[in-house]
Amino acid sequence: MADVSARRRRDIVDALRRGTVPQHGLDVMAVGLARFEAAIDGELDAAAAGGSGFKAVRGEYGAGKTFYARWLVERAKKRGFAAAEVQISETETPLHRLETVYRRIVENLATSEAAPSALREIVDGWFHVLEEDVIASGLDRGDESAVQRGAAALLDRRLDTVSRSAPAFATALRGYRRAVLSGDVDQAEGLIGWLGGQPHVAASVRRSAGVRGELDHFGALGFLQGLLTVLRDSDYHGMVVVLDEVETLQRVRSDVREKSLNALRQLVDEIDSGRFPGLYLVITGTPAFYDGQQGMQRLPPLAQRLAVDFSVDAAFDNPRAPQIRLPGFSLASLVELGSRVRDIYVTGADAPERVRAQIDDAYVADFAVTVAGRLGDKVGVAPRLFLKKLIDVMDRVDQFDAFDPRRDYSLTVASSELTDTEREASHRGDLRAPAAPVGVDDIELDV
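Being a predicted model, the structure only gives us computed values, none of them experimental. Within each chain, residues carry numbers counting from 1 in the order of the written sequence. The model is predicted, so local features are restricted to residues of pLDDT at least 70 and side-chain atom pairs to those at 80 or more, both for listing and for counting; the totals for chains, interfaces and linings are taken over all residues. Each side-chain value is derived from all of the structure's non-hydrogen atoms; neither hydrogens nor water enter the calculation.

K.L.:
How would you summarise the overall build of the chain if you had to cite specific residues and measurements?
P.N.:
The helix and strand labels rest on DSSP assignments: H or I over at least four residues marks a helix, E over at least two residues marks a strand, and numbering proceeds from the N terminus. Scanning the chain from terminus to terminus reveals 20 helices and five strands. This radius of gyration counts C-alpha atoms alone. The globule rule is 2.2 Å times how many residues there are, raised to the power 0.38. Relative to its length of 447 residues, the chain is compact, with a C-alpha radius of gyration of 25 Å against a globular reference of 22 Å. By its C-alpha atoms, the chain is 80 × 50 × 40 Å across when sized along the principal axes. The proportion of buried residues among the 447 residues of the chain is 52%. Any two residues whose heavy atoms approach within 4.5 Å at even a single point are treated as in contact. In the chain, of all internal contacts separated by at least 6 residues, the share reaching a separation of at least 24 is 73%. Surface exposure of the chain reaches about 19,900 Å², of which carbon and sulfur atoms provide 49%. A gap of 4 Å separates the mean positions of the 56 positive and 68 negative side-chain charges of the chain. The classification of residues rests on relative accessible area computed with a 1.4 Å probe and restricted to protein chains. Under 20% of the type maximum is buried, over 50% is exposed, and intermediate values are partly exposed. A 1.4 Å probe and the Shrake-Rupley method give the accessible areas. Residues count as covered only by the protein chains that appear here. In this charge count, Lys and Arg are treated as positive and Asp and Glu as negative; neither His nor the chain ends contribute. Taken as the charge centre is NZ of Lys, CZ of Arg, CG of Asp or CD of Glu, depending on the residue.

K.L.:
So what about the sheet that holds strand S2 (residues 81–87)? Which residues, and what values?
P.N.:
Strand pairing follows a simple DSSP-based rule, namely that at least 2 bridges must link the two strands. Read across the open sheet, the five strands follow the order S2-S3-S4-S1-S5; overall the sheet is parallel. Only two strands of the sheet have a single neighbouring strand rather than two, namely S2 and strand S5 (323–325). Going across the sheet, the axis of each strand differs from the next one's by a mean of 20°, ignoring polarity. The axes are straight lines fitted to the C-alpha atoms, using for helices just the contacting stretch, and the angles between their N-to-C directions are given from 0 to 180°.

K.L.:
Could you give me a rundown of the layout of surface pockets, with the residues and numbers involved?
P.N.:
Empty space within the second largest pocket amounts to approximately 250 Å³. A cavity here means a set of points on a 1 Å grid, drawn over the protein atoms and nothing else, where a 1.4 Å probe fits but cannot get out; a pocket is an open set with protein on both sides within 12 Å along at least five of seven lines, and a residue lines either one if it has an atom within 4 Å of a point. For the second largest pocket, the lining is made up of 16 residues, of which Val31, Gly32, Leu33, Pro327 and Gly328 are closest to its centre. Secondary structure elements with two or more residues in the lining of the second largest pocket: helix H2 (34–48) and helix H3 (65–78). Here the lining of the second largest pocket is built from residues that sort into ten nonpolar, five polar and one charged. Grid points are joined across faces, edges and corners, and a volume is the space filled by probe spheres set on the points. Each residue is assigned to one of three groups, with Ala, Val, Leu, Ile, Met, Phe, Trp, Tyr, Cys and Pro labelled nonpolar, Asp, Glu, Lys and Arg labelled charged, and all others, Gly among them, labelled polar.

Now the structure itself:
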């Protein structure tokens, strides 16, 4: 794992130690995702060329949907896309309120160079691009007044299409630019917030820029179009947006569910119509959401658009289809993942040789079996807990030269440290009594 930098290694290990999905470095942990790479890259290339795309990802709890989404986002950033991950929630981010979804997109917007929220960096970079394009057309760089007038005219031309559907977006951009040039920090901060869909921007700020009211459901689509225009004009290929955990719609009131499904259908229709060049939208959900009557089947036009036959062997699934399924973890893939994480850990360990010797492949395999057993042999829900506990064992080996995990470590799992899904699976295991130490000869493993 020589290609993993010290920072990436630290990010990965720290996240796994907390029991969360790392934000970076997921390519080195992407077990079983190679089958999707060619299709994803082709669809991202199409978006970069001015198209747009939509992908529905299905998988049971623990199948790795969040990991897949973050892996895709990281891959897209490396290819020149901006990206945002949004977790759908009835209270925090209701899907039927697209103005809130847009606001969350902007709050989580990131690029390979800028962390969330990257809106201001992107807009300021775009203004610089406009000025450079004006200078390249023949204007004297030293004539600041002429350059700014030319940049303002160029801004109007490039936002012409957006101005017809979302005139407030273009107006606010002009106002923000004037505030930046005049050094009015408060005005600039207020307008960049308004461009990001933030509510409660002072009326005086909006009035000074010539914009009125708050962003609504329909205006959000225009703002999304404007944001994509700025991104693509700033030499980004486009934007990947992930709407995670859309299965939460099954638990809301029926009227809210129908509004949310209609909002999703509207987004898909607008993508198909070509309104959002450069947008690649991904949603994730459980099979029950896609197939059940409390989910997407309540809106037949949307269900029909995303329908895919999953009755065939998963080995022959079509990665280019509008809906794909994640097979989840097998014991063999869990062991492979553990070995990869061990190798990443060793690159920054204080006692790398000791860690590698004590946490060898046989120990990783036995440990995977033990953790899965404590979760009722449901391997699909085991990765988070398995990696969290594996990091804990390696930390002990790295810090204490007398520590022997086969002799001194017994796996204990408290109910309080489990997610709801893990807790449900654990009902088939015994969480109260500690397991015997994991020995290399204790368990037969056929992978």
